[in-house]
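Inside the fold
Each chain, letter by letter, is given below.
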Amino acid sequence: MRSLCTYFSRSIVAAAMAMGLAALPYYGAHAAGITNRTIGYVLTNKYWAVYTTADAKIECPHGFNDGPREQFAKLFPNDGVKRTLLETQLAREADTWFPASLEEKTAQGPLPFYYVGGSTAIGLNLDGKVGPNDFTSPEGEPGIDNQLYRVIGCVAGFRPGGAYYFFMNEYMERYAFNRVLIEITNVDSLVNDDDVTVTVYRGLDPLLGSADGKNFLPGGSQRADERWGQRYITRLKGKIVNGILTTEPANILLPYADTFDCNTDQHFKAARLRLKLTPTGAEGLLGAYVDVDEWHRNMAINWTTHHASYGQMSVPSIARALRQMADGYPDPVTGKNTAISSAIQMKFVQAYILHPTLPHRPTVALAR
Amino acid sequence: MLASSADRAESSKVDVPTIGKSHSRNQFPRRSGLVARTGIGFGTCAIVALLTSCQTSGPAVNAHHPTGAHLQAQPVARIAEPKDVVSRARLRIMTAQQYDNTLANIFGPDLKLDAQFPPMTRTGGLLENGAGVAGVSEAQVEQYQRTASLVAAEVTDSAHRTFLIPCTPANEKSADAACAGQFLTHVGRLLYRHPLAPEQAAALVNQADAAAVRLKDFYAGLSYALEGMLISPEMLLLTETAAPDRTQPGHERLDGYSLATRLSLFLWDSGPDSRLLDAASSGALETPRGRARVVAMMLASPRLVAGTRAFFDDMFGFDDFQTLTKDPSIYPSFTGATAADAREQTLRTVVDLLITQNGDYRDLFTTRKTFISTALSPIYGVPAGSGWTAYEFPPDSPRTGILTQVSFLALHAHPGRSSPTRRGKALREILLCEPVPHPPPNVDFSKVENPDPSLKTMRQRLTAHRSNPVCAGCHRITDPIGLGLENFDGAGEYRGAENGATIDASGSLDGTTFTDAVGLGQALHDDPALTSCLVQRVYSYGIGGAASAKANPMLAYLNQQFAAHGYRFKDLLRTIALSNAFSEVEESTPQMRTVRNGSSLGK
């Protein structure tokens, strides 16, 4: 069994930050929108984009993949053979970090791993091309790059209702480190604007849940972490067409909090946002290449075998598959791809983004 | 073990003098008009109540001028303090908040205090007045003991004993009478609000010693004795004792310790501290100069904030927040945190204006300055930093004054819809001291609960409801007020329309018309009953019982003083605390003497 990461307490820096809110304008509930050519949002939900059909027959014709328990039973059947701890549990533990040893060397050959077989996927066209391995979006857009979906699409834990799918969003509310803000500035309209700036920040404040527990509330406030979270601050150029914001490719770093508040970072290469904007929320996709080593490491660190078992998520198998499906950023020496195309479905609610360490920005009063 | 129930009304030892023209009905054209206009729906009691309110409101105080500058330009006849109005020595039970405040002041704010005592019965608009008619059940004693046990254990634990206990025992595993006596005598004086008699102190030390020996732990023994003190009737029951007034032969006044306690509960919502007890002991409280000095010290103390919060929490009926619920499917923004912060927001607004800024009480209903928290941010639609942050609504905001704060708007509404009737009723009863009759038992609510779909706004539905003459009478005195707040839904969120129809938030307050909530706040600000109601409530809060009609001369005097001081709350507190009626008491009845002598108390 792998050990869990150290539980770090979070620093509290709020006391040092003077807000001076009296200088900010009155918006009025539900009147939130563009103010001072600015609107902010806070991320409330994120899912690795997995396209599913009703019975999964199309995308997973062979069924779902085995998890740690099922694989362990296949690797080490109760056949009377005496095996040591070193040969079994500890060897499997080593596989978590250095995959492709045991499960590729069984007497029957490598354990099977089922990739997604359909042609439809949620995502963005990251390379501007339509290649043979690309998907078509549910809306019919060709050239969708989401090879991560090929890897995790038939792993139960990543599908809607699965353990990873559930917990990744539960952690969005439970933990604070992974608060993600986007602030759109230089914006005149949420319907059409050909030149806006989108800045990504880490936020410092909790999400506000609705009274019925079903949603998150717009209209909350979030302090941008411009002190300890400077590495997350990324400015993107973008445009809004028919209410859809699209940003130009850029590398983005997002804070990542997982099981037991294990905090780390997640890099998104050539990332771009495609979000439908409203005055109270935003919803859409982050498409990017993610580093396979980082993706593997984050999962290996943060998901114990216990948790992975509930989602039938075999880290050794997934890590092996990640490298096989990697489709970008080839290593200049080996030529092997080091990143895999991916997409994250995201939901935001509107939030007032405060910049505690910056001088107050000039504001304009809205009606009401 | 019952506190006295015979001391609710304040009394006068002589006939109440006529205040002359200030009691003329001509002085109350708006009140008279109100009754005349709406009388068909009133019971006799309601009319009497309204007139009683008029008698105690504003006549001696020309309060129609919002700034108070008229006092210089148009002097009114000065009313001298009526020396013949006295209060009663009372026996009251300590409220949970007073208990918590007292212990926090003695042992420090880091103790985990969460006393949950049964609520008092609201009497004369205040829960505090109900403390004089409370009983103590066995279940209540269990709650007292639970709290006392936790506090005693915490005070004597290893984390606190080094700084809360002024000595170290010679042997921690045994008794130490000297050290126990030092601690218990000091703490006992503060808990019982008077010095311990030698035999009383000795008995407590004996208890601590015996327990220490038996438990082989000095601190456990001390905890045992302290727990007993914390549930003692001497701690929990506030017994006021009369003594001859040396300055007025034949009169009685509260003795020094009783007066110290009354002052402390009034201004600090807590038992007296050591300085106050010293003043009681030295006789300083019995001289006007000494008492003025003590009151000035108390008004300058940070503990005045707790006292002010307690009073307004009581007057505004914020105990109802404990049972406030909203339909989450209708008001998803209104969470438990919203309710708690709404209460806190208004109390912070009150303290900031009346104590920190020493502002005009009437400005509570027009001020745009308040405080915002993250839980309130979505409802107000304004940014909020972490914790509480000062915020001022801009001049074009529809929010002005505490009537437009979530506390008033949400507390006086239905779980799933607004209520002009409840809001109007609350404004009259809480802020103007004008009781509104209960609805008749056979009232037909169908027009508001299952309305005709064509009636899109609450104004339209209430208009239909008022077509029933049985309903019309009461609604005429509440709805024109409450409709002014219809731009705010049942959770306190702003709305410009209801069911697609633009909301008309016009209304009137006893003849003063307005077009929206801002106008309502100004109308209330200028209403003389606003300040006279506060005077009446603060006075009865101070003396521990509802003010009767016999107190009218005193209330007239206080109204005038309040106006003369620009409606500053702290000046009102000072005037009451220094008044004759605050310290003078009517002669003790045999029943009270029996109680005070301990023939029933704690036996």
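Residues numbered from 1 in each chain as written. Chains lettered and ligands numbered in written order. Predicted model: local features only at pLDDT ≥ 70, side-chain atom pairs only at ≥ 80, totals over all residues. Heavy atoms only, no water.

1. Let's talk about the overall build of chain A
Helix and strand counts for chain A stand at seven helices and eleven strands. Counting the 368 residues in chain A, one finds 55% classified as buried. For chain A, restricting intrachain contacts to residue pairs at least 6 apart in sequence, the fraction spanning at least 24 positions comes to 69%. Accessible surface, chain A as shown: approximately 16,300 Å² in total, 55% of it carbon and sulfur. (Helix = DSSP H or I, 4+ residues; strand = E, 2+ residues; numbered from the N terminus. Buried < 20%, exposed > 50% of the residue type's maximum accessible area, 1.4 Å probe, protein only. Contact = heavy atoms within 4.5 Å. Areas by Shrake-Rupley, 256 points an atom, 1.4 Å probe, with all protein chains shown as cover.)

2. A short note on the state of the cysteines
What makes a disulfide is a covalent bond joining the sulfur atoms belonging to two cysteines. Residues and elements named next belong to chain B. By the definition in use, this model includes three disulfides over all chains. Bridging C433 to C533, the disulfide has an S-S length of 1.9 Å. When the S-S torsion is 80°, as for the bridge of C433 with C533, the disulfide is right-handed. Taken together, the residues span a long stretch of sequence, with C433 in the loop between α18 (420–431) and α19 (446–449) and C533 in helix α23 (residues 528–543) at a distance of 100 residues. Across the pair, C533 and C433 agree in class, each one buried. Should the bonded cysteines of chain B be numbered as they appear in the sequence, the pairing reads 1-2, 3-4. (Disulfide = S-S within 2.5 Å.)

3. Section: helix α7 (residues 315–325) of chain A
Residue and element names in this part refer to chain A. Along α7, eight of the eleven residues are buried, which leaves the element largely enclosed by surrounding structure. Among all positions in α7, only V315, P316, S317, I318, A319, R320, A321 and L322 are buried. Tucked inside the fold, the buried residues of α7 contact α1 (68–75), α2 (89–97), α3 (147–152), α5 (292–302) and β11 (337–354).

4. What about unusual backbone geometry?
Despite not being glycine, N242(A) has its phi angle at roughly 50°, a positive value. Position of N242(A) among the secondary structure elements: in the loop between β5 (234–241) and β6 (244–247). Even without being glycine, K216(B) reaches a positive phi, approximately 55°. Mapping K216(B) onto the fold places it in the loop between α8 (198–215) and α9 (218–230).

5. Structural notes on the layout of surface pockets
Residue and element names in this part refer to chain B. Estimates place the volume of the second largest pocket at around 960 Å³. Lining the second largest pocket we find 30 residues, and of these A96, Q97, D313, Q322 and R343 sit closest to its centre. Looking at the lining of the second largest pocket, the elements with two or more residues in it are α4 (96–107), α14 (303–315) and α15 (336–356). It is α14 that provides the largest number of residues to the lining of the second largest pocket, a total of six residues. Taken together, the residues of the lining of the second largest pocket break down into 14 nonpolar, six polar and ten charged. (1 Å grid on protein atoms, 1.4 Å probe; cavity = no way out; pocket = protein on both sides within 12 Å on 5 of 7 lines; lining within 4 Å. Points joined across faces, edges and corners; volume = space filled by probe spheres on them. Nonpolar A, V, L, I, M, F, W, Y, C, P; charged D, E, K, R; others polar.)

6. Some words on the sheet that holds strand β13 (residues 584–585) of chain B
All names here are of chain B. The three strands lie next to each other as β5-β6-β13, forming an open sheet whose pairing is antiparallel. Each edge of the sheet is formed by a strand with only one pairing partner; in this case those strands are β5 (242–244) and β13. In this structure, β5 lies alongside strand β6 (residues 252–254), joined through three bridges in antiparallel fashion. The residue bridging A243 from the neighbouring strand is R253, located in β6. (Pairing = 2+ DSSP bridges.)

7. A short note on the pattern of salt bridges
All names here are of chain B. Tallied over the full model, the rule gives 35 salt bridges over all chains. The salt bridge involving R92 is made with E128; its shortest N-O contact spans 2.9 Å. Here R92 is found in strand β3 (residues 91–93), whereas its partner E128 is found in the loop between α4 and α5 (138–155), with 36 residues between them in sequence. For the pair R92 and E128, a shared accessibility class is recorded, and that class is buried. (Salt bridge = Lys/Arg side-chain N within 4 Å of Asp/Glu carboxyl O.)

8. Comments concerning the confidence of the model for chain A
When pLDDT is low, close inspection of the predicted coordinates is not appropriate. All names here are of chain A. In the predicted model, chain A carries a mean pLDDT of 86, and 85% of its residues have values of at least 70. Every residue in residues 1–31 scores below 50 in pLDDT, and together they form 90 contacts with partners more than four places removed in sequence or on other chains. Predicted confidence for residues 359–368 stays below pLDDT 50, and this span has 29 contacts to residues more than four positions away or in other chains. (pLDDT = per-residue confidence, 0-100.)

9. Points about the environment of I372(B)
Residue and element names in this part refer to chain B. Relative to the helices and strands, I372 is located in strand β7 (residues 369–372). Linking I372 and A390, residues 18 residues apart in sequence, is a C-alpha distance of 6.4 Å. Ignoring sequence-local partners within four residues, the contact set of I372 consists of Q345, Y380, V382, P383, A384, G387, W388, T389 and Y391.

10. What to know about a nonpolar patch on the surface
Taken together, the side chains of L85(A), L86(A) and L90(A) make up a nonpolar region of the molecular surface, amounting to roughly 320 Å² of accessible area. Positionally, L86(A) belongs in the loop between α1 and α2. (Patch = residues over 30% accessible without salt bridge, like charges linked within 9 Å, V, L, I, M, F, W, Y side chains within 5 Å.)

11. Structural notes on the environment of D319(B)
Residue and element names in this part refer to chain B. Checked against the element boundaries, D319 lands in the loop between α14 and α15. Given a relative accessible area of 22%, D319 falls into the partly exposed group. In this structure, the C-alpha to C-alpha distance between D319 and R343, residues 24 residues apart in sequence, is 9.5 Å. Residues in contact with D319, not counting those within four places in the same chain, are R122, L127, D313 and R343. Side-chain polar atoms of D319 contact the side chain of R122, separated by 2.7 Å. (Polar contact = N/O pair within 3.5 Å; in protein donor to acceptor, adjacent residues only side chain to side chain.)

12. What to know about the packing of α23(B) against helix α24 (residues 552–564) of chain B
Residue and element names in this part refer to chain B. Between α23 and α24, whose axes approach to 10 Å, the crossing angle comes to 120°. With respect to α24, the axis of α23 lies oblique. Like other packed secondary-structure pairs, α23 and α24 cross with a definite hand, here right-handed. Judged by residue contacts, T531, S532, L534, V535, Q536 and Y539 of α23 engage M554, L555, L558, N559 and F562 from α24. (Axes fitted to C-alpha atoms, helices over the stretch in contact; angles between N-to-C directions. Parallel < 35°, antiparallel > 145°, perpendicular 65-115°, else oblique. Left-handed = near helix turned anticlockwise from the far one by under 90°.)

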